[in-house]
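# Summary of the model geometry
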Amino acid sequence: MTKQRTKAGPDAVRHPLFARFYARVSVLADAKGGVGELRRELLDGLSGRIVEVGAGNGLNFAYYPAAVSEVVAIEPERLLRRLAVEEGLRAGVPVDVVPGTAEALPV
Ligand SMILES: C[S@@+](CC[C@H](N)C(=O)[O-])C[C@H]1O[C@@H](n2cnc3c(N)ncnc32)[C@H](O)[C@@H]1O
(Lines give C-alpha, C1' and ligand atoms only; values in the text may rest on other atoms or scores of the structure.)
Protein backbone atom coordinates (compact mmCIF):
# COMPACT_ATOMS: atom_id res chain seq x y z
CA MET A 1 0.00 0.00 0.00
CA THR A 2 1.41 3.42 -0.93
CA LYS A 3 1.45 6.25 1.49
CA GLN A 4 -1.02 8.95 0.47
CA ARG A 5 0.43 12.44 0.11
CA THR A 6 -1.64 15.15 1.67
CA LYS A 7 -1.34 18.71 0.42
CA ALA A 8 -1.96 21.00 3.29
CA GLY A 9 -0.25 23.91 4.93
CA PRO A 10 0.73 27.35 3.69
CA ASP A 11 3.48 26.11 1.32
CA ALA A 12 1.79 22.98 0.00
CA VAL A 13 2.25 24.27 -3.55
CA ARG A 14 5.59 25.90 -4.40
CA HIS A 15 6.14 27.09 -7.95
CA PRO A 16 8.22 30.26 -7.54
CA LEU A 17 9.26 30.49 -11.21
CA PHE A 18 5.74 29.87 -12.50
CA ALA A 19 4.41 32.36 -9.96
CA ARG A 20 6.73 35.14 -11.15
CA PHE A 21 5.95 34.37 -14.79
CA TYR A 22 2.19 34.14 -14.19
CA ALA A 23 2.11 37.36 -12.18
CA ARG A 24 3.47 39.28 -15.19
CA VAL A 25 1.77 37.50 -18.06
CA SER A 26 -1.67 37.42 -16.46
CA VAL A 27 -1.71 41.20 -16.02
CA LEU A 28 -0.76 41.69 -19.68
CA ALA A 29 -3.34 39.15 -20.82
CA ASP A 30 -6.03 40.98 -18.87
CA ALA A 31 -5.14 44.42 -20.16
CA LYS A 32 -4.11 43.65 -23.75
CA GLY A 33 -5.46 40.19 -24.47
CA GLY A 34 -9.08 40.76 -23.54
CA VAL A 35 -9.03 38.40 -20.54
CA GLY A 36 -10.36 41.13 -18.26
CA GLU A 37 -13.56 41.31 -20.31
CA LEU A 38 -13.92 37.52 -20.09
CA ARG A 39 -13.60 37.75 -16.30
CA ARG A 40 -16.35 40.38 -16.21
CA GLU A 41 -18.63 38.16 -18.31
CA LEU A 42 -17.82 35.07 -16.23
CA LEU A 43 -18.44 36.66 -12.83
CA ASP A 44 -21.40 38.87 -13.77
CA GLY A 45 -24.55 37.95 -11.83
CA LEU A 46 -22.79 36.31 -8.88
CA SER A 47 -24.03 37.06 -5.39
CA GLY A 48 -23.52 35.91 -1.83
CA ARG A 49 -20.41 34.26 -0.41
CA ILE A 50 -17.89 33.08 -2.98
CA VAL A 51 -15.09 30.57 -2.49
CA GLU A 52 -12.48 31.04 -5.22
CA VAL A 53 -10.13 28.06 -5.36
CA GLY A 54 -6.74 28.91 -6.83
CA ALA A 55 -7.14 32.68 -6.77
CA GLY A 56 -3.69 33.35 -8.22
CA ASN A 57 -2.73 37.01 -7.99
CA GLY A 58 -6.36 38.00 -7.48
CA LEU A 59 -7.22 39.33 -10.92
CA ASN A 60 -10.83 38.19 -10.58
CA PHE A 61 -11.42 40.32 -7.51
CA ALA A 62 -12.07 43.59 -9.38
CA TYR A 63 -14.86 41.93 -11.33
CA TYR A 64 -16.98 40.50 -8.51
CA PRO A 65 -20.31 42.37 -8.52
CA ALA A 66 -21.45 44.41 -5.52
CA ALA A 67 -24.02 41.70 -4.67
CA VAL A 68 -21.13 39.48 -3.57
CA SER A 69 -20.99 39.72 0.21
CA GLU A 70 -17.58 38.07 0.68
CA VAL A 71 -14.91 36.30 -1.34
CA VAL A 72 -12.86 33.64 0.41
CA ALA A 73 -9.88 33.34 -1.94
CA ILE A 74 -7.80 30.21 -1.48
CA GLU A 75 -4.30 30.32 -2.95
CA PRO A 76 -1.49 27.93 -2.03
CA GLU A 77 1.43 29.67 -3.75
CA ARG A 78 3.17 32.19 -1.50
CA LEU A 79 4.06 34.92 -4.01
CA LEU A 80 0.69 34.80 -5.77
CA ARG A 81 -1.06 34.85 -2.41
CA ARG A 82 0.82 38.00 -1.41
CA LEU A 83 -0.18 39.69 -4.67
CA ALA A 84 -3.77 38.53 -4.14
CA VAL A 85 -3.82 40.16 -0.70
CA GLU A 86 -2.77 43.47 -2.31
CA GLU A 87 -5.42 43.09 -5.01
CA GLY A 88 -8.00 42.25 -2.36
CA LEU A 89 -7.38 45.59 -0.65
CA ARG A 90 -8.36 47.37 -3.88
CA ALA A 91 -11.45 45.24 -4.56
CA GLY A 92 -14.95 46.64 -4.23
CA VAL A 93 -16.11 43.63 -2.19
CA PRO A 94 -14.63 42.10 0.98
CA VAL A 95 -11.90 39.60 0.11
CA ASP A 96 -10.23 37.24 2.56
CA VAL A 97 -7.15 35.58 1.05
CA VAL A 98 -6.18 32.35 2.78
CA PRO A 99 -3.58 29.64 2.20
CA GLY A 100 -4.89 26.24 1.22
CA THR A 101 -5.45 23.77 -1.58
CA ALA A 102 -8.40 22.26 -3.38
CA GLU A 103 -7.53 18.93 -1.78
CA ALA A 104 -7.88 20.32 1.75
CA LEU A 105 -10.15 23.34 1.57
CA PRO A 106 -9.91 25.59 4.64
CA VAL A 107 -13.65 26.33 4.58
C1 LIG B 1 -4.08 29.65 -13.78
S2 LIG B 1 -4.05 30.25 -12.12
C3 LIG B 1 -5.68 31.02 -12.05
C4 LIG B 1 -5.76 32.15 -11.04
C5 LIG B 1 -7.12 32.88 -10.92
N6 LIG B 1 -8.22 31.99 -10.59
C7 LIG B 1 -7.44 33.68 -12.16
O8 LIG B 1 -8.44 33.41 -12.81
O9 LIG B 1 -6.68 34.61 -12.45
C10 LIG B 1 -4.29 28.73 -11.15
C11 LIG B 1 -4.00 28.93 -9.68
O12 LIG B 1 -4.26 27.70 -8.98
C13 LIG B 1 -3.29 27.55 -7.95
N14 LIG B 1 -3.18 26.13 -7.57
C15 LIG B 1 -2.28 25.21 -7.98
N16 LIG B 1 -2.48 24.02 -7.37
C17 LIG B 1 -3.56 24.19 -6.56
C18 LIG B 1 -4.26 23.35 -5.66
N19 LIG B 1 -3.90 22.08 -5.49
N20 LIG B 1 -5.31 23.86 -4.98
C21 LIG B 1 -5.70 25.14 -5.17
N22 LIG B 1 -5.06 26.00 -6.00
C23 LIG B 1 -4.01 25.53 -6.70
C24 LIG B 1 -2.03 28.11 -8.56
O25 LIG B 1 -1.08 28.48 -7.56
C26 LIG B 1 -2.56 29.28 -9.37
O27 LIG B 1 -2.54 30.46 -8.62
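Rules behind the numbers
Residues numbered from 1 in each chain as written. Predicted model: local features only at pLDDT ≥ 70, side-chain atom pairs only at ≥ 80, totals over all residues. Heavy atoms only, no water. Core = buried A, V, L, I, M, F, W, Y, C linked by side-chain atoms within 4.5 Å. Buried < 20%, exposed > 50% of the residue type's maximum accessible area, 1.4 Å probe, protein only. Helix = DSSP H or I, 4+ residues; strand = E, 2+ residues; numbered from the N terminus. Contact = heavy atoms within 4.5 Å. Patch = residues over 30% accessible without salt bridge, like charges linked within 9 Å, V, L, I, M, F, W, Y side chains within 5 Å. Areas by Shrake-Rupley, 256 points an atom, 1.4 Å probe, with all protein chains shown as cover. Salt bridge = Lys/Arg side-chain N within 4 Å of Asp/Glu carboxyl O. Near = heavy atom within 4 Å. Polar contact = N/O pair within 3.5 Å; in protein donor to acceptor, adjacent residues only side chain to side chain. Nonpolar A, V, L, I, M, F, W, Y, C, P; charged D, E, K, R; others polar. Pairing = 2+ DSSP bridges. Axes fitted to C-alpha atoms, helices over the stretch in contact; angles between N-to-C directions. Arc of directions from axis to C-beta.

On to the nonpolar core, then. Counting 13 residues, the largest nonpolar core has Phe61, Tyr64, Val68, Val71 and Ala73 as its most contacted members. For this core, the element with the most residues is strand E2 (residues 68-74), which contributes three residues. Not counting the four nearest positions on each side in its chain, phenylalanine 61 is found in contact with Glu52, Ala55, Ala73, Ala84, Glu87, Gly88, Ala91, Val95 and Val97.

There is a patch of nonpolar side chains on the surface, built from Val51, Val53, Leu105 and Val107 and spanning about 310 Å² of accessible area. Its location among the elements puts valine 107 in the segment after strand E3 (95-98).

Now for the pattern of salt bridges. Summed over all chains, the structure comprises five salt bridges. One salt bridge in this structure joins arginine 39 and aspartate 30, with 2.9 Å as the shortest N-O distance. As far as burial versus exposure is concerned, arginine 39 and aspartate 30 are alike and both buried. When the shortest N-O distance is used, the salt bridge between arginine 90 and glutamate 87 registers 2.9 Å. A residue pair is termed a helical-turn pair when its members lie 3 or 4 positions apart in one helix, as arginine 90 and glutamate 87 do in helix H3 (residues 78-90) at three residues. Take arginine 90: its relative accessible area is 60%, and that puts it in the exposed class.

In this section: the site of the ligand. Around the ligand lies a shell of 16 residues, among which Arg39, Gly54, Glu75, Ala102 and Glu103 are the nearest. Note that an oxygen atom of the ligand is positioned 3.2 Å from one of the side-chain N or O atoms of tyrosine 22. Here arginine 39 contributes a side-chain N or O atom positioned 2.9 Å from an oxygen atom of the ligand. With the chains in place, 72% of the 600 Å² that the ligand exposes on its own is no longer accessible. Class assignment of the residues belonging to the shell around the ligand gives a composition of seven nonpolar, four polar and five charged.

The next point concerns the sheet that holds E2. Overall, parallel pairing links the three strands, which are arranged E1-E2-E3 in an open sheet. Either end of the sheet is taken by a strand with one partner, and the two such strands are strand E1 (48-53) and E3. The sheet shows a mean angle of 15° between the axes of neighbouring strands, direction not considered. Taken together, the six bridges between E1 and E2 define a ladder with parallel strand orientation. The partner of arginine 49 across the bridge, within E2, is glutamate 70.

Taken residue by residue, helix H2 (residues 35-43) has Gly36, Arg39 and Leu43 as its buried positions. Taken end-on, H2 shows its buried residues confined to a sector of 55°, consistent with a single buried face. Opposite its buried face, H2 presents the exposed residues Leu38 and Glu41, each directed more than 90 degrees away. Where H2 is buried, its residues touch helix H1 (16-32). The positive-phi residue at the C-terminal boundary of H2 is glycine 45, with phi of around 90°.

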